[in-house]
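# Observations on the three-dimensional arrangement
Okay, here's what each chain looks like letter by letter:
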Amino acid sequence: MTIRKLRNEDFDTVLSMMLVFYASDALLVHPSEAVLRRTLTDALGDNPYLEAFGFEEEGVLAGYGMVATSYSTEAGGLCAWIEDIYIKPAYRGQGIGSAFLRF
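Below is a short write-up of the structure. (Residues numbered from 1 in each chain as written. Predicted model: local features only at pLDDT ≥ 70, side-chain atom pairs only at ≥ 80, totals over all residues. Heavy atoms only, no water.)

## So, the packing of helix H1 (residues 11–23) against helix H2 (residues 33–44)
- For the pair H1 and H2, interaxial distance at closest approach is 10 Å and the crossing angle is 135 degrees. Taken together, H1 and H2 sit at an angle that is classed as oblique. With respect to the hand of their crossing, H1 and H2 are arranged in right-handed fashion. Contact residues: Phe-11, Val-14, Leu-15, Met-18, Leu-19 and Tyr-22 in H1; Glu-33, Leu-36, Arg-37, Thr-39, Leu-40, Thr-41 and Leu-44 in H2.
- In terms of residue class, the contact of H1 with H2 is made up of 9 nonpolar, 2 polar and 2 charged. (Axes fitted to C-alpha atoms, helices over the stretch in contact; angles between N-to-C directions. Helix = DSSP H or I, 4+ residues; strand = E, 2+ residues; numbered from the N terminus. Parallel < 35°, antiparallel > 145°, perpendicular 65-115°, else oblique. Left-handed = near helix turned anticlockwise from the far one by under 90°. Contact = heavy atoms within 4.5 Å. Nonpolar A, V, L, I, M, F, W, Y, C, P; charged D, E, K, R; others polar.)

## Re the sheet that holds strand S4 (residues 77–87)
- Ordered in space as S1-S2-S3-S4, the 4 strands form an open sheet in which the pairing is antiparallel. Of all the strands in the sheet, the pair left with one neighbour each is strand S1 (2–5) and S4. Geometrically, the sheet is characterised by an average inter-axis angle of 25 degrees between neighbouring strands, direction not taken into account.
- Here strand S2 (residues 50–57) runs beside strand S3 (residues 60–72); their pairing, made up of 8 bridges, is antiparallel. Bridge assignment links Leu-50 to a residue of S3, and that residue is Ala-68.
- Along the sheet, H1 contacts S3 and S4; its crossing angle with S3, the most-contacted strand, is approximately 75 degrees. (Pairing = 2+ DSSP bridges.)

What follows is the structure, encoded as structure tokens:
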């Protein structure tokens, strides 16, 4: 499994995963597709506060993760917030999420 930065050509694949992820009853907020498109565009662009990563297994995107950064005055430094971790059902239970957290 490879963790890599998402690329523009991943847009449609990741958007489809985001639509599934954000439609889940496990989430309190269900943003519109327009909001998800804007978020993904920001993540793939030059927004310094959001990075997007793909979890690639044998050339297939098995999932994605997004990390937002900010500054904490309390900690006196940068903070990284894991905004999203989504792994397609067929790839769950294989340690991909744990690998992303270590990454």
